[in-house]
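# Inside the fold
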Amino acid sequence: MKKETHIHAAERFLNNKKNAVWHDETLWQTRAKRDRQAALIPEWEQLRELASKIKMHTITHLDHYLEQFAAAAEKNGATVHWAKDAAEHNAIVLQILQQHQATQLVKSKSMLTEECHLNPFLIEKGVDVVESDLGERILQLMDIPPSHIVMPAIHIQREAVGKLFEEKLNTEKGNADPTYLTRAMRKSLRQKFLASTVAMTGANFGIAETGDVVVCTNEGNADMGTSIAKVHIVSMGIEKVIPSHDALSVFVRLLARSATGQPSTSYTSHYQKPQKEGELHIILVDNGRSSILADKDHIQTLKCIRCGACMNTCPVYRRSGGYSYSYFIPGPIGINLGMLKAPKNYYTNLSACTLCFSCNSVCPVQVDLGNQIYKWRQGLDSIGKANRTKKVMSDGMRMMFKQSGIYHAALKAAPLINLMPRALIYCKADKWGIGRELPQFAKQSFNSWWKKEVLKK
Amino acid sequence: MDHLAKIGLFIPCYVNAVFPEVGIATYKLLKQLGIDVDYPVDQTCCGQPMANAGFEGKSLPLIHKFNDLFDTYDYVVGPSASCVAFVKENHPHILAAHGQHQCQMSGKIYEVCEFLHDIVKVEKFPGAFPHKVSVHNSCHGVRELHLSSPSELHTPRYSKIKDLLSLKEGVEVFEPQRVDECCGFGGMFAIEEDAVSVQMGKDKLRNHIATGAEYVTGADSSCLMHMQGIARREKLPIQFIHVVEILAAGL
Amino acid sequence: MSNKEEILKNIRLHTQETYEMPLITLDAIHYPDKVEQFIQVSKSVGGNAVVLREGEDLNELIRSLYPDAGKSASNVPGIHAAINPDDVRTSQELNGIDLGIVQGVFGVAENGGVWVVQNVKERSLYFISEYLVILIDKDQIVDNMHEAYKKAAFNDYGFGCFISGPSKTADIEQALVVGAHGPKGLTVILR
């Protein structure tokens, strides 16, 4: 099936004007909160620089740090699993569940399990998968994917949540108050938490020196799950390992401030050992990451700490929504990660960028997101995915600009376009003209002026 | 600066055809400041449109042409932040990627505001411009040429454009909310992603107009052209003017 | 070859240029009054922090902060509570606790976080209680997270958490709701 391009999906998103304005404004407010928090830390830019350097060091010594991490975690009593790809990851999770005869799995938000399509896999095997982050749970009940990596249900309006909960949780008809709805879900999920024997989380960081896994949440759902269930499964991308708590201090200061404009998440939890009479399973997942190490143009994507700041600042993301991108992670980082995953599937996302470079400047680990998008565009022609119109236009421009004679003739002729009938100018082929008037060519170009006014005198 | 320095004027293609007055203002202003300015007439385009669209290779002959034409000048000065940024940031790596010589242009090209501020270090502009203007901090001007401090960074605030405007009598300077958010031009983006592009432009214009300014001014005529197209279509009460036209007003 | 070996081999195969580890020496933020900063940030993150005054009774202070709390739980010496959480058989038994009163290790001025290491039999107490009180010494506040991580240590339970304010969510239209899954309110008492 041919997926809808970003261009068309964005157009559709913008057609719902009220929602589009709300989406843009709300995410801009998150960017503004991030700015205010950053401004309270005089050493902010130094932190970003340090974070970037620590990550570059770690990902270029990844074998060393993974071995150190795994050894430390095992010494702490954890079981470390290694998964080359999504299928292996999912099989390991299922195996652990089966060992414990668990039919229910309470999860906290994890983009990696999303990447591995874990939920549909487990559901097909008869497991009751329960997402416990409020946003994720809403989406799960609606059976739709997240549209933002930190605020997964940002595109859903409260009325829709109210309606959903009426049906699923028997809430009052017409009540769309966020507090009321949150409380209803608290009550519903509390029962799931209490009944669960296995809980799953992602990992924001894995600490090589001490072997602990760090998970940051606001809702406390990761901790609620893992403090009741005795078996804890952690799904962790191999690039999440960092050397030490000293290094962690740099990232923890950047993460929540960048993500949501909070000085910290409510909970920064460190899981070092299994619970008494419990088990801690850490699944280290590669799924293509180790190959990115060889790609010098895109290796920096491995620094990403998934804060979502690049989405909040991206003027295109804010005005097109997460679903306008065909990869499951949207926005600047998602454009790049999609291309790394499968360029032929996700290249149409490359149009969603004006090269404004705001993402580069908000990124807490200084990933060169905009530059990478520029580089991907250069490679499109070689995989046969270049936009034909753009190619023809580029060819035409090269022809015209290479030879000054043609260019000068065109400069002279340009004002004639001003006289063409509107119908001809604003035909469907000219997309400039759909929302804008065409620029008026000057009666006399600078070239002509120069020849007449400066050279002749 | 050394007053014997020779300046080569770089007038980007679309300025040449659509906004010649911006080129004329640049020339007159530099001339008035006693600077030796020349314009190599055979110049065309810096190659940015094709490269940003994904065809760097197609810009290669233009880059060579650019180098040949401006080789003998001490400085190259142009009234378009985005085009200047492209020469400065991208010509070197495109040439390198094609196994070519080192790029001489990168070190000596300046956007005209940058040149007036950093090299000429002008202290006062003649004449007056008694109007309210809203400064358009264009992306490449801000984040590539560093004409002002990007709002994302926690670094000391500055704006070379505002500094320059303060040297012209009568100008009242404003800045929009979301001070350096992109206006949605983005070269071919404007055509390819026209729905988002136009929405961004409308939002940007609303913020500019809310300042109460009569003009939007900036160092990038391309952004101004895009916003002007929308303003004319929507019949919005705002005009557009390049910074250098304000600085040269009355010459 | 095991999965582990294959992944490590692939990493070694693809690693090109390597980068040095930077020195993490930076002049991080310090506050003239750490206690005051801690209190202010605690409030800004939806929590609360109060100083136990000279001669004030801790149990009375807690009661005045949470007068409606029914079932309370604590294993902190000297704290009056209905339940000693070390006596429960399962974590589930703690469901329904109105107020948990626990001992924290130290606080962090820059973000209102309190380092809490598990020191009860079931750590669900920190999360399942409807409201939570954390006790720390008022001279146990560090300026920033760099200092915090130099100080943070685990005990035999192997669980530690920086808790900054109550549980919260903004997943419905970015409207802030305090008390998502965990405590609906949090007070740090500095004594």
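You'll find the structure just up there.
The notes below deal with the structure included here. Computed from a predicted structure; not experimentally measured.

Now for the overall build of chain A. Counting secondary structure elements, chain A contains 24 helices and 10 strands. Taken along the three principal axes of its C-alpha coordinates, chain A extends 95 × 55 × 45 Å. Put simply, of all contacts in chain A between residues at least 6 apart along the chain, 72% involve residues at least 24 apart. Entry remark: accessible area of chain A is about 16800 Å², with carbon and sulfur atoms responsible for 55%. Positive and negative side-chain charges in chain A, numbering 59 and 43 respectively, have mean positions lying 9 Å apart.

The next thing to look at is the environment of G405 of chain A. Residue and element names in this part refer to chain A. Locating G405 in the fold gives a position in helix α21 (residues 404–417). A relative accessible area of 53% means that G405 is categorised as exposed. C-alpha of G405 to C-alpha of I238: the two residues are 167 residues apart in sequence and 57 Å apart in space.

On to the packing of helix α20 (residues 388–402) of chain A against helix α4 (residues 56–70) of chain B. Remark: α20 of chain A packs on α4 of chain B, axes separated minimally by 9 Å, with the N-to-C direction vectors making an angle of 20 degrees. Accordingly, the angle class assigned to the pair α20 of chain A and α4 of chain B is roughly parallel. Here α20 of chain A and α4 of chain B pass one another in a crossing that is left-handed. Packed against α20 of chain A, whose contacting residues are K391, S394, D395, R398, F401 and K402 of chain A, the element α4 of chain B presents K58, P61, L62 and K65 of chain B at the interface. Looking at side-chain class alone, the contact of α20 of chain A with α4 of chain B contains 3 nonpolar, 1 polar and 6 charged residues.

The next subject is unusual backbone geometry. Glycine aside, the phi torsion of most residues is negative, and most peptide linkages are trans. Unlike most non-glycine residues, L355 of chain A shows phi in positive territory, near 60 degrees. Considering the arrangement of structural elements, one finds L355 of chain A in the loop between α17 (343–346) and α18 (358–362). Assessed through its relative accessible area of 3%, L355 of chain A is described here as buried. Positive phi, normally seen in glycine, also occurs at H146 of chain B, with a value near 60 degrees. Within the element layout of this structure, H146 of chain B appears in the loop between α7 (139–143) and α8 (160–165).

Our focus in this paragraph is the packing of aromatic side chains. For the structure on display, the rule yields 30 aromatic pairs over all chains. Positioned above the aromatic ring of F159 of chain C, the side-chain terminus of R123 of chain C is 4.2 Å from the ring centre.

Residue and element names in this part refer to chain A. Inspection of the secondary structure puts M200 in strand β4 (residues 198–201). Expressed as a C-alpha distance, the spacing of M200 and G225, which sit 25 residues apart in the sequence, is 7.6 Å. With residues near it in sequence (within four places) discarded, M200 still touches H89, V93, L105, V106, K107, S108, T113, L118, I233 and S235.

In this section: the nonpolar core. Residues F205 of chain A, F10, F115, L116 and L165 of chain B together with F162 of chain C are the most contacted members of the largest nonpolar core, which totals 182 residues. Setting aside chain neighbours within four positions, we find L165 of chain B in contact with V133, V135, V171, V173, T217, V243, I246 and L247 of chain B. L66, I156, F193 and I282 of chain A belong to the second-largest nonpolar core, a separate cluster that totals 79 residues.

In this section: the interface of chain C and chain A. The interface of chain C with chain A comprises 71 residues on the first partner and 89 residues on the second. Summing both sides of the interface, chain C and chain A together bury roughly 7000 Å²; the carbon and sulfur share of this comes to 58%. For the chain C face of the interface with chain A, the top three residues by lost area are I172, E173 and H181 of chain C, together amounting to 12%. Linking chain C with chain A are 11 salt bridges. When the shortest N-O distance is used, the salt bridge between D246 of chain A and K150 of chain C registers 3.1 Å. If you list the elements that add at least two residues to the side of chain C that touches chain A, you get α1 (3–14), α4 (125–128), α5 (145–151), β8 (159–163), β9 (168–169) and β10 (177–178) of chain C.

The extent of an interface is frequently quoted as the accessible surface area lost upon association of the parts. Taken together, the contact pairs 70 residues of chain B with 75 residues of chain A. Of the roughly 6300 Å² buried where chain B meets chain A, counting both sides, 61% is carbon and sulfur surface. Close ionic contact of E25 of chain A with R178 of chain B constitutes a salt bridge, the shortest N to O distance being 3.0 Å. In this structure, the connection of chain B to chain A is made through 45 residue pairs in polar contact (both at pLDDT 80 or more).

Another point: the pattern of salt bridges. In total, this model carries 53 salt bridges over all chains according to the counting rule given. The closest approach of N and O atoms between E115 of chain A and K341 of chain A, which form a salt bridge, is 3.9 Å. Residue E115 of chain A is found in helix α6 (residues 111–115), and its partner K341 of chain A is found in helix α16 (residues 331–341); the two are separated by 226 residues along the sequence. Using a relative accessible area of 37% as the deciding quantity, one classes K341 of chain A as partly exposed. Through salt bridges with shared partners, one network takes in D24, E25, R318 and R319 of chain A together with R178, E181, D203 and R206 of chain B.

So, on to the sheet that holds strand β6 (residues 172–174) of chain B. Where strands meet in a sheet, backbone hydrogen bonds hold them as pairs that are either parallel or antiparallel. Residue and element names in this part refer to chain B. One open sheet holds the 4 strands; their spatial order is β6-β5-β7-β8, and the pairing between them is parallel. Edge strands, defined here as strands with exactly one partner in the open sheet, are β6 and β8 (239–242). Taken over all neighbouring pairs, the strand axes of this sheet differ in orientation by 35 degrees on average, direction set aside. As defined by bridge partners, strand β5 (residues 132–136) adjoins strand β7 (residues 215–218) across 4 bridges and the pair is classed as parallel. In the sheet register, V135 faces β7, and the bridge partner there is T217.

A rise of 1.5 Å per residue sets the reference length of helix α10 (residues 178–195) of chain A, with its 18 residues, at 26 Å; its end C-alpha atoms lie 26 Å apart and thus fit the reference within 8%. Within the span of α10 of chain A, buried status applies to P178, L181, T182, A184, M185, R186, L189, R190, F193 and L194 of chain A.

Each value, and the rule that gives it
- Residues numbered from 1 in each chain as written.
- Chains lettered and ligands numbered in written order.
- Predicted model: local features only at pLDDT ≥ 70, side-chain atom pairs only at ≥ 80, totals over all residues.
- Heavy atoms only, no water.
- Helix = DSSP H or I, 4+ residues; strand = E, 2+ residues; numbered from the N terminus.
- Contact = heavy atoms within 4.5 Å.
- Areas by Shrake-Rupley, 256 points an atom, 1.4 Å probe, with all protein chains shown as cover.
- Lys, Arg positive; Asp, Glu negative; His and termini not counted.
- Charge placed at Lys NZ, Arg CZ, Asp CG, Glu CD.
- Buried < 20%, exposed > 50% of the residue type's maximum accessible area, 1.4 Å probe, protein only.
- Axes fitted to C-alpha atoms, helices over the stretch in contact; angles between N-to-C directions.
- Parallel < 35°, antiparallel > 145°, perpendicular 65-115°, else oblique.
- Left-handed = near helix turned anticlockwise from the far one by under 90°.
- Nonpolar A, V, L, I, M, F, W, Y, C, P; charged D, E, K, R; others polar.
- Phe/Tyr/Trp six-rings, centres within 6.5 Å; stacked < 30°, edge-to-face > 60°.
- Lys NZ or Arg CZ within 6 Å of the ring centre and 35° of its normal.
- Core = buried A, V, L, I, M, F, W, Y, C linked by side-chain atoms within 4.5 Å.
- Buried area = accessible area lost by both parts, 1.4 Å probe.
- Salt bridge = Lys/Arg side-chain N within 4 Å of Asp/Glu carboxyl O.
- Polar contact = N/O pair within 3.5 Å; in protein donor to acceptor, adjacent residues only side chain to side chain.
- Pairing = 2+ DSSP bridges.
- Expected span 1.5 Å × (residues − 1).

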